[in-house]
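Overview (structure and organization)
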Amino acid sequence: MLVHEDHPDLRRLLEEGKVVSYFGYGSLVNRLTLRTKFLAIRRARVRGWRRFWMPRSIPPVALLTVRPEAQFETEGVVVFDHADHLPAVDEREAGYKRRLVQPARVSVEHEPAAGVPLFIYEASRDEPTAEDVSCIILQSYLDAVMQGFFGLYGEKGLRRFVDETDGFEAEVLLDRLAPRYPRSVALHPGEAELFDRLLAERGVSYIVPC
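Described in the following lines is the structure provided in the data block. (Residues numbered from 1 in each chain as written. Predicted model: local features only at pLDDT ≥ 70, side-chain atom pairs only at ≥ 80, totals over all residues. Heavy atoms only, no water.)

Notes on the environment of leucine 100
- Along the chain, the position of leucine 100 falls in strand 4 (residues 97–100).
- Taking C-alpha positions, leucine 100 is 25 Å from glycine 167, a pair spaced 67 residues apart along the chain.
- Residue contacts for leucine 100: discarding those within four places in its chain leaves Leu118 and Phe119. (Helix = DSSP H or I, 4+ residues; strand = E, 2+ residues; numbered from the N terminus. Contact = heavy atoms within 4.5 Å.)

Here's the deal with helix 3 (residues 139–164)
- The end-to-end C-alpha distance of helix 3, which contains 26 residues, comes to just 18 Å, noticeably less than the 38 Å that a straight helix rising 1.5 Å per residue would cover.
- At tyrosine 153, helix 3 is bent by approximately 130°, the largest bend along its length. (Expected span 1.5 Å × (residues − 1). Bend = angle between axes of the 7 residues up to and from the residue.)

Things to note about helix 4 (residues 191–202)
- Taking 1.5 Å of rise per residue, the twelve residues of helix 4 would be expected to cover 16 Å, and the 17 Å separating its terminal C-alpha atoms lies within 8% of that figure.
- At its buried positions, helix 4 is contacted by helix 3 and strand 9 (206–207).
- Positive phi shows up at glycine 203, right after helix 4, with a value of about 90°.

What to know about the pattern of salt bridges
- Overall, the coordinates contain 19 salt bridges when judged by the stated rule.
- In this structure, aspartate 6 engages arginine 42 in a salt bridge whose closest nitrogen and oxygen atoms are separated by 2.9 Å. Highlighted residues: aspartate 6 in the segment before helix 1 (10–15) and arginine 42 in strand 2 (residues 40–55), separated in sequence by 36 residues.
- Here aspartate 6 falls in the partly exposed class, since its relative accessible area comes to 28%. (Salt bridge = Lys/Arg side-chain N within 4 Å of Asp/Glu carboxyl O. Buried < 20%, exposed > 50% of the residue type's maximum accessible area, 1.4 Å probe, protein only.)

A word on the nonpolar core
- Tyr22, Trp53, Ile120, Leu142, Met146, Leu158 and Phe161 are the most contacted members of the largest nonpolar core, which has 66 residues in total.
- Per-element accounting of this core gives the leading share, eleven residues, to helix 3.
- Residues within four places of leucine 158 in sequence aside, it is in contact with Met146, Phe149, Phe150, Leu194, Phe195 and Leu198. (Core = buried A, V, L, I, M, F, W, Y, C linked by side-chain atoms within 4.5 Å.)

Let's talk about the environment of alanine 70
- Tracing the backbone through its elements, the reader meets alanine 70 in strand 3 (residues 62–82).
- Separated by 21 residues in the primary sequence, alanine 70 and tryptophan 49 place their C-alpha atoms 6.8 Å from one another.

Some words on the packing of aromatic side chains
- Enumeration according to the criterion identifies seven aromatic pairs in this entry.
- Each ring, one from phenylalanine 149 and one from phenylalanine 161, has its centre 4.8 Å from the other, and the planes form 20°; the classification is stacked. For the pair phenylalanine 149 and phenylalanine 161, one class covers both residues: buried.
- Residues phenylalanine 161 and phenylalanine 168 carry aromatic rings whose centres are separated by 5.8 Å and whose planes lie at 85° to one another, so their mutual orientation is edge-to-face. Residue phenylalanine 161 shares its accessibility class with phenylalanine 168, and that shared class is buried.
- Taken together, the ring pairs connect Trp53, Tyr141, Phe149, Tyr153, Phe161, Phe168 and Tyr181 into an aromatic cluster.
- Across from the ring centre of tyrosine 153, 5.3 Å away, lies the NZ or CZ of arginine 43, which sits over that ring. (Phe/Tyr/Trp six-rings, centres within 6.5 Å; stacked < 30°, edge-to-face > 60°. Lys NZ or Arg CZ within 6 Å of the ring centre and 35° of its normal.)

What follows is the structure, encoded as C-alpha cells:
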C-alpha cells in the first residue's frame, strides 16, 4: 500500500545518494495533512521508541512525539525526502533530538531502497506527558491522526494507537465543529463514532471550548 504517490525523481535521487528518511508517528500518517511533495512514504514499524502526548507551552496544547523505550514497537510511516531538506525538518522539529535509527530496528513496507539513512525525532525520556501537567489535546488534531491510522492499519491498528500511546488521559478539547488544528480533515461516515467509542474505552474526558 502506498501512502502517497512516489516522486518521479525518486529512483534517480536514490542512485545519487541524495535521499534521507525519517519516521512519522503522528499527523504524517494521514496523507490529507501533507503539504509538502515528499519523495515517498511507506508504512513502517520502529523498535525502541514509544509514542506519547507531550505538552507544549505555545500554544498550550499537546502534540505527539516519542521517547526511548527498549523493545517497544511503534507503528507509523517512513518519509523519504531530499537530503538537503533535512535542515528544514530539524527546524520544524526544534526541541526534539534527531536520532539515527539502525536498520535492524525498523521494518518498512515495500522499501524503495536499502541503505537510506533513517532518523527519528525524540523527546527526552523524562519529558512529562500531557496528562502529567493537565495540558489539552485538540480533537481536530486527534481526528486527523486517528483517521490516518485507521486508513493505514484498520480498526485493530487504530486501537493499538489509542491503547499504546501514553498521556491519553489528558482532556480533549471538543473543537471538531470549529477546528483549531490548521490541517484539520473531514471525517468519513462512521469515523467520528468509531473514534469516540475507542477514546471512551480508554477513559478520555472532554472539555468544551470557551
